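# Observations on chain architecture
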Amino acid sequence: TDVGSQKDRVMSEEEWLQKWEMGNIGFHKDQGHPLLQKYLDVLLNGRSGLRIFFPLCGKAVEMKWLADVGHSVVGVEISEQALKDFFAEHSLPYCEEPVPEISGAKKLRSTSGNISLYCCSIYDLSSSIIGKFDGVWDRGALVAVNPCDRQRYVSLMITLMEKNSSYLLVTVSYDPNKHKGPPFYVPESEIKSLFG
Ligand code: SAH
């Protein structure tokens with residue numbers, strides 16, 4: 001399929017923030033994603049108490065699911081409103097902390113300590129700041145990244161993974177000539193070459 005029509009499309013951070021402000025967030029799933037339920041065992045692979053990363057997390061309710069069953073969750077999202085909505089909608093108390101390594105960033109951490117959400121761009125993060133992860137839930141993340149930033153995004157994700165980590169990736173399949181995205185169409189062959 002010809003994905004040429006999407007390759008130069010750029011969605012700015014400002015446009016994402018506007019979406020949150022306008023409540024234009026059709027991507028958010030109040031009931032969570034059925035594919036995480038379906039493949040949770042694959043993600044966990046018999047392990048408990050994992051560190052799980054949610055790139056471009058929005059206010060994904062799956063973060064609460066995983067924290068509730070004993071995992072520790074780290075997310076990153078540029079919209080502070082999304083992160084505050086997340087804690088408010090689940091009645092979770094949290095505190096705000098500066099992130100000394102990243103100017104302008106902050107971390108919203110649940111008082112119970114098992115959910116830490118960074119308010120900054122994912123490109124500001126590195127494993128020296130957030131550590132490495134046993135699992136990744138990538139839904140609405142790789143497919144939301146601007147096509148020109150895909151390789152940079154994936155290279156960063158690889159540096160954030162522990163040796164035996166599992167990565168669940170949700171993509172969307174459609175004719176990229178009919179919609180401009182996001183979500184963008186990322187063909188399977190490209191996923192293979194991006195992740196190697
Ligand atoms: N994964 C979430 C949200 C998907 S929409 C879910 O499943 O519901 C993509 C999200 O990425 C938006 O909330 C947007 O604000 C955020 N975003 C876009 N660019 C970003 C960046 N560079 N760093 C961090 N978050 C970003």
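Please refer to the structure higher up on the page.
Right, let's walk through the structure included here. Throughout this description, residue numbers start from 1 for each chain and increase along the sequence as written. The predicted origin of the model limits local features to residues at a pLDDT of at least 70 and limits the giving and counting of side-chain atom pairs to 80 or more, whereas totals for whole chains, interfaces and linings rest on all residues. The basis for every side-chain value is the complete set of heavy atoms in the structure, and neither hydrogens nor water enter the calculation.

### Comments concerning the overall build of the protein
Cut-off, in case you're wondering: Note on conventions: DSSP H or I runs of at least 4 residues are helices, E runs of at least 2 residues are strands, and numbering of each starts at the N terminus. Two things to know: the radius of gyration comes from C-alpha atoms, and the globule rule equals 2.2 Å times the number of residues to the power 0.38.
Assigned secondary structure in the protein consists of 7 helices and 7 strands. In the protein, the order of α-helices and β-strands from amino to carboxyl end is α-α-β-α-β-α-β-β-β-α-β-α-β-α. Rg of the C-alpha trace for the protein: 16 Å, near the compact-globule value of 16 Å for 196 residues, within the 12% margin. Viewed in the frame of its principal axes, the protein has a C-alpha envelope of about 45 × 40 × 35 Å.

### Let's talk about the site of the ligand
Definition in use: Whether a residue is near a molecule or strand depends on its heavy atoms: if one lies within 4 Å, it is near. Residues adjacent in sequence count toward polar contacts only when both atoms are side-chain atoms; beyond that, a polar contact is any pair of N or O atoms within 3.5 Å, and within protein one must be able to donate a hydrogen and the other to accept it.
Neighbouring residues of the ligand: 16 residues in total, closest Trp20, Leu56, Glu77, Ile122 and Arg139. Tryptophan 20 has a polar side-chain atom sitting 2.9 Å from an oxygen atom of the ligand. Between the ligand and glutamate 77 there is a distance of 2.6 Å, counted from an oxygen atom to a side-chain nitrogen or oxygen. Sorting elements by how many residues they give to the shell around the ligand places helix 1 (residues 13–22) first, with 3 residues.

### Things to note about the sheet that holds strand 2 (residues 72–77)
We apply this condition: Here, a strand pair is defined by DSSP locating no fewer than two bridges between the strands. As a rule, the C-alpha atoms of each element are fitted with a line to give its axis, helices using only the stretch in contact, and angles between N-to-C directions run from 0 to 180 degrees. Should any heavy atoms of two residues lie within 4.5 Å, those residues are considered in contact.
Strand order in the open sheet formed by 7 strands is 3-4-5-2-1-6-7, and the pairing between neighbours is mixed. Of all strands in the sheet, those with a lone pairing partner are strand 3 (94–98) and strand 7 (161–170), marking the two edges. Each adjacent strand pair in this sheet contributes to an overall mean axis angle of 20°, direction not counted. As paired strands, strand 6 (residues 133–139) and strand 7 are joined by 6 bridges and run parallel to one another. Bridging from a neighbouring strand, glycine 135 pairs with serine 166 of strand 7. Strands in contact with helix 4 (residues 80–89) are strand 2, strand 3, strand 4 (106–110) and strand 5 (115–119); relative to strand 5, the strand with the most contacts, it is inclined by about 160°. Together, strand 1 (51–54), strand 6 and strand 7 form the strand contacts of helix 6 (residues 150–159), whose direction differs from that of strand 7 by roughly 140°.

### Here's the deal with helix 4
Where we set the bar: Exposure is judged per residue with a 1.4 Å probe applied to protein chains only, and the accessible area is read against the type maximum: over 50% gives exposed, under 20% gives buried, and values in between give partly exposed. It is the directions from the helix axis to the C-beta atoms that the arc portrays.
Within the sequence span of helix 4, burial applies to Ala82, Leu83, Phe86 and Phe87. Relative to the axis of helix 4, the buried residues are bounded by an arc of 130° and lie together on one face. Those residues of helix 4 that are buried lie in contact with helix 1, helix 3 (62–68), strand 2, strand 3, strand 4 and strand 5. Phi for serine 91, located one or two positions after helix 4, is positive at around 50°.

### A look at the packing of aromatic side chains
Convention followed: Classification of ring pairs rests on two measures: the distance between centres of Phe, Tyr or Trp rings, Trp counted by its six-membered ring, which must be within 6.5 Å, and the angle between planes, read as stacked under 30 degrees, edge-to-face over 60 and tilted in between. In this scheme, the term charge over a ring applies when either NZ of a lysine or CZ of an arginine sits within 6 Å of the ring centre and within 35 degrees of the ring normal.
Using the criterion set out here, one finds 7 aromatic pairs in the structure. Aromatic side chains tryptophan 16 and phenylalanine 27 sit 6.0 Å apart centroid to centroid with 75° between the ring planes, which places their arrangement in the edge-to-face category. In this pair, tryptophan 16 is assigned in helix 1 and phenylalanine 27 in the loop between helix 1 and helix 2 (34–44), connecting sequence segments 11 residues apart. Among the residues examined, phenylalanine 27 registers a relative accessible area of 31% and is labelled partly exposed. Against the face of tyrosine 123 rests arginine 152, its NZ or CZ located 4.2 Å from the ring centre.

### Some words on the nonpolar core
A general trend in soluble globular proteins is that nonpolar side chains are found buried together. Under the convention used in this document: In this description, a nonpolar core means a group of buried Ala, Val, Leu, Ile, Met, Phe, Trp, Tyr and Cys residues linked to one another through side-chain atoms lying within 4.5 Å.
Ranked by size, the top nonpolar core spans 28 residues in total, and within it Phe53, Tyr118, Leu125, Ile130, Tyr153 and Met157 carry the most contacts. Looking at this core, the elements that each hand over two or more residues are strand 2, helix 5 (127–130), strand 6, helix 6, strand 7 and helix 7 (188–195). If you tally residues by element for this core, the top one is helix 6, at 4 residues. Not counting the four nearest positions on each side in its chain, leucine 125 is found in contact with Phe53, Val76, Ile102, Tyr118, Cys120, Ile130 and Leu156. In terms of nonpolar packing, the next biggest core, distinct from the first, is built from 23 residues, Cys57, Leu66, Phe86 and Phe87 among them.

On their own, these measurements won't tell you what the molecule is for.
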